[in-house]
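Okay, here's what each chain looks like letter by letter:
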Amino acid sequence: MTATIHTPDELARAIGRPGRPDRSDRLSLVPTMGALHEGHISLVRAAKTLGAPVVVSVFVNPLQFGPGEDLATYSRSLERDVELLEREGVDAVFAPSAETMYPSGPRTTIQPGPKGAILEGASRPGHFAGVLTVVAKLFSLTCATDAFFGEKDYQQLVLVREMAADLNLPVRVHGRPIVREPSGLALSSRNRYLSDAEREVAGVLSRALATGSLDRARSLIDASSGLDLDYLELRTPELEEIPAGYTGPARLLVAAKVGTTRLIDNAEVRLG
């Protein structure tokens, strides 16, 4: 049976790691903000393939929401989430409160490097400091040896990997492919905000990325009504600017609003 726990002490008892952990024991972590969908479940299933205990965190992290964003209305469905995770055989669900995670408030935070100021970081100042701070705390609290993140939040994945490398954190960060609806729309907890008509409009994003070309993607988006484009950029897999004459893998990334809902998506493309 899956244990649902709410405090660090309960977590230590549930995963059998009181005090200083034995790092030879593997443990997989899947960090989430809840409102789980098949994308999250794909991360859980990937984590289970390692044969180690799996902990899923469910925590709507206030540090990564800016003024005017949807912190207050973000979907919270812990009971349903636990039922889904129990079916997947997860060992523990860690669902702390904000007061538990930040008993002294946001006093110490982790700041990203330069890549935290582009793309999502340019549109949402402070967002990635909130993401990296909570992820670092979850790594520490769970003593995870492996952590699983979806490629839909591609910039987040890159920055978490950089943080783990730069701070010598003893955790392997695994990225997993985007899971999509039959229409091609990338699964997201925010998709539930979309009306049927808005879903039709949102489908343009994945079709634009599927062109594999920045110019063709921009033309398709520009020709579509109902999309408020934030950015559409082509970057290297490490999110650097594309150098002249570059050939090989790259990443096409987009963010746009459909109605009041902000959506992000990305796709791997090959240049040359």
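Bear in mind the structure is a predicted one, so any value in this text is a computation, not a measurement.

Asks: Got a sec to walk through the domain arrangement of the chain? Specific residues and values, please.
Replies: Here the domain parsing of the chain yields domain 1 (3–176) and domain 2 (191–267). Put simply, the middle of domain 1 and the middle of domain 2, counted by C-alpha atoms, are 26 Å apart. Listed as interface residues are 17 residues of domain 1 and, on the opposing side, 16 residues of domain 2. Counting the surface lost from both domain 1 and domain 2, the interface buries some 1500 Å², and carbon and sulfur atoms represent 51% of this. Of all residues in domain 1, Leu119, Glu120 and Tyr154 give up the largest surface area on contact with domain 2, accounting jointly for 41% of the area buried on that side. Counting the contacts that link domain 1 with domain 2 gives three salt bridges. For Glu151, the salt bridge is made with Arg251, and the minimal N-O distance between the two is 3.0 Å. Counting across the interface, domain 1 meets domain 2 through ten residue pairs in polar contact (both at pLDDT 80 or more). For the side of domain 1 that touches domain 2, the secondary structure elements donating two or more residues are α5 (120–123) and α7 (154–166). A per-element tally of the side of domain 1 that touches domain 2 places α7 first, with three residues. In the side of domain 1 that touches domain 2, the residues fall into six nonpolar, four polar and seven charged.

Asks: Give a description of the pairing of strand β6 (residues 172–176) that names residues and reports values.
Replies: In this sheet, β6 lies alongside strand β5 (residues 146–150) in parallel orientation, the contact comprising five bridges. Within β6, the residue paired with Gly150 across the bridge is Arg176. In terms of handedness, the path from β5 via α7 over to β6 forms a crossover that is right-handed.

Asks: I'd like to hear about the layout of surface pockets, residue by residue, with values.
Replies: Put simply, the second largest pocket is a space of about 170 Å³. In terms of residue class, the lining of the second largest pocket is built from nine nonpolar, three polar and two charged.

Asks: An account of the packing of aromatic side chains is requested, with residue identities and associated values reported.
Replies: Any pair of aromatic rings gets described here by the distance separating the centres and the angle formed by the planes. The full count for this structure, using the stated rule, is two aromatic pairs. The interplanar angle of 50 degrees and the centroid separation of 6.2 Å between the aromatic rings of Phe59 and Tyr102 together place this pair among those described as tilted. One end of the pair, Phe59, is in the loop between β3 (54–58) and α3 (78–87); the other, Tyr102, is in the loop between α4 (98–101) and α5, and 43 residues separate them in sequence. The same class applies to Phe59 as to Tyr102, namely buried. Centre to centre, the rings of Phe65 and Tyr74 are 5.9 Å apart; their planes meet at 75 degrees, and the pair counts as edge-to-face.

Cut-off values and rules
- Residues numbered from 1 in each chain as written.
- Predicted model: local features only at pLDDT ≥ 70, side-chain atom pairs only at ≥ 80, totals over all residues.
- Heavy atoms only, no water.
- Domains from an automatic or database assignment.
- Contact = heavy atoms within 4.5 Å.
- Buried area = accessible area lost by both parts, 1.4 Å probe.
- Salt bridge = Lys/Arg side-chain N within 4 Å of Asp/Glu carboxyl O.
- Polar contact = N/O pair within 3.5 Å; in protein donor to acceptor, adjacent residues only side chain to side chain.
- Helix = DSSP H or I, 4+ residues; strand = E, 2+ residues; numbered from the N terminus.
- Nonpolar A, V, L, I, M, F, W, Y, C, P; charged D, E, K, R; others polar.
- Pairing = 2+ DSSP bridges.
- Right-handed = clockwise from strand over helix to strand, strands pointing away.
- 1 Å grid on protein atoms, 1.4 Å probe; cavity = no way out; pocket = protein on both sides within 12 Å on 5 of 7 lines; lining within 4 Å.
- Points joined across faces, edges and corners; volume = space filled by probe spheres on them.
- Phe/Tyr/Trp six-rings, centres within 6.5 Å; stacked < 30°, edge-to-face > 60°.
- Buried < 20%, exposed > 50% of the residue type's maximum accessible area, 1.4 Å probe, protein only.

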